[in-house]
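# Tertiary structure, described
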Amino acid sequence: MLTNEAYKPINCDDYDTLELACQKNWALTLDLKNGEQLTVKAKDIFTRKNVEYLAVEDTGEARELRLDHIASFSHPELGTVVVSESD
């Protein structure tokens, strides 16, 4: 998903929860804002050119997803987290 739109940082609590998911290498169900739904393994969060990304493993392939393109994510230990923009 290539885009030139301005990055909108996500809420710090949501970011911290994604960071925890990466540390625990959890499988997450992601709902993206474009309607796509993925079940992926959370690997890392990183920043490139002032845009934050979630690195995931999707059926054995590495993907990078912009954090502001994630509408919600879920895991049995978390429930469902609806991602909101930073204030």
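Every chain's residues receive numbers from 1 upward, in the order its sequence appears when written. Local features in this predicted model are restricted to residues whose pLDDT is 70 or higher, and side-chain atom pairs enter the listing and the counts only when it is 80 or higher, whereas totals over whole chains, interfaces and linings include all residues. To obtain the side-chain values, all non-hydrogen atoms of the structure were included, while hydrogens and water were left out.

### Considering the environment of Leu 67
Each helix is a run of H or I in the DSSP string that is no shorter than four residues. Each strand is a run of E no shorter than two, and both are numbered from the N terminus. The residue Leu 67 is located in the loop between strand 4 (61-66) and strand 5 (70-75) in this model. Accessibility here uses a 1.4 Å probe with only protein chains present; expressed as a share of the type maximum, an area under 20% marks a residue as buried, one over 50% as exposed, and anything in between as partly exposed. Residue Leu 67 is classed as buried on the basis of its relative accessible area of 0%. Along the sequence, Leu 67 and Ser 84 sit 17 residues apart, while their C-alpha atoms lie 10 Å from each other. Should any heavy atoms of two residues lie within 4.5 Å, those residues are counted as being in contact. Those residues within four positions of Leu 67 in sequence are excluded, and the remaining contacts are Tyr 7, Ile 10, Tyr 15, Leu 18, Ile 45, Glu 52, Tyr 53, Leu 54 and Val 83.

### Digging into the nonpolar core
Here, nonpolar core refers to any group of buried Ala, Val, Leu, Ile, Met, Phe, Trp, Tyr and Cys residues whose side-chain atoms link them within 4.5 Å. Among the nonpolar cores identified, the biggest contains 24 residues, and Leu 18, Leu 28, Leu 30, Leu 54, Leu 67, Ile 70 and Phe 73 are the most heavily contacted of them. Every element with two or more residues in this core is listed here: helix 1 (12-23), strand 1 (27-32), strand 2 (37-48), strand 3 (51-58) and strand 5.

### Let's talk about the environment of Glu 52
Tracing the backbone through its elements, the reader meets Glu 52 in strand 3. Overall, the relative accessible area of 18% leaves Glu 52 in the buried class. In contact with Glu 52, not counting residues within four places along its chain, are Tyr 7, Pro 9, Tyr 15, Phe 46, Thr 47, Leu 65, Arg 66 and Leu 67.

### Observations regarding the packing of aromatic side chains
Here a Phe, Tyr or Trp ring, Trp counted by its six-membered ring, pairs with any other such ring whose centre lies within 6.5 Å, and the pair is stacked when the planes are under 30 degrees apart, edge-to-face when over 60, and tilted otherwise. What the rule picks out here adds up to 1 aromatic pair. Measuring from ring centre to ring centre gives 5.4 Å for Phe 46 and Tyr 53, while their planes differ by 15 degrees; the resulting arrangement is stacked. Whether a charge sits over a ring depends on NZ of Lys or CZ of Arg being within 6 Å of the ring centre and within 35 degrees of the ring normal. Stacked on the ring of Tyr 53, the Lys or Arg Arg 48 has its end atom at 5.2 Å from the ring centre.

### Topic: unusual backbone geometry
Here Asn 25, not a glycine, exhibits a phi torsion of approximately 55 degrees, which is positive. Structurally, Asn 25 is set in the loop between helix 1 and strand 1. Take Asn 25: its relative accessible area is 35%, and that puts it in the partly exposed class. A positive phi angle is found at Lys 49, which is not glycine, with a value near 50 degrees. On the basis of relative accessible area, Lys 49 is assigned to the exposed category, the value being 76%.

### Focus: the side chain of Asp 68
Topologically, Asp 68 is positioned in the loop between strand 4 and strand 5. Residue class for Asp 68 comes out buried when judged on its relative accessible area of 5%. There is a polar contact of 2.8 Å between the side chain of Asp 68 and the side chain of Arg 66. In this structure, Asp 68 is in contact with Glu 5, Ala 6, Tyr 7, Lys 8, Ile 10 and Lys 33, ignoring residues within four places of it in sequence. Here a polar contact is taken to be a pair of N or O atoms separated by no more than 3.5 Å, where protein atoms must pair a possible hydrogen donor with a possible acceptor and residues adjacent in sequence count only if both atoms sit in side chains.

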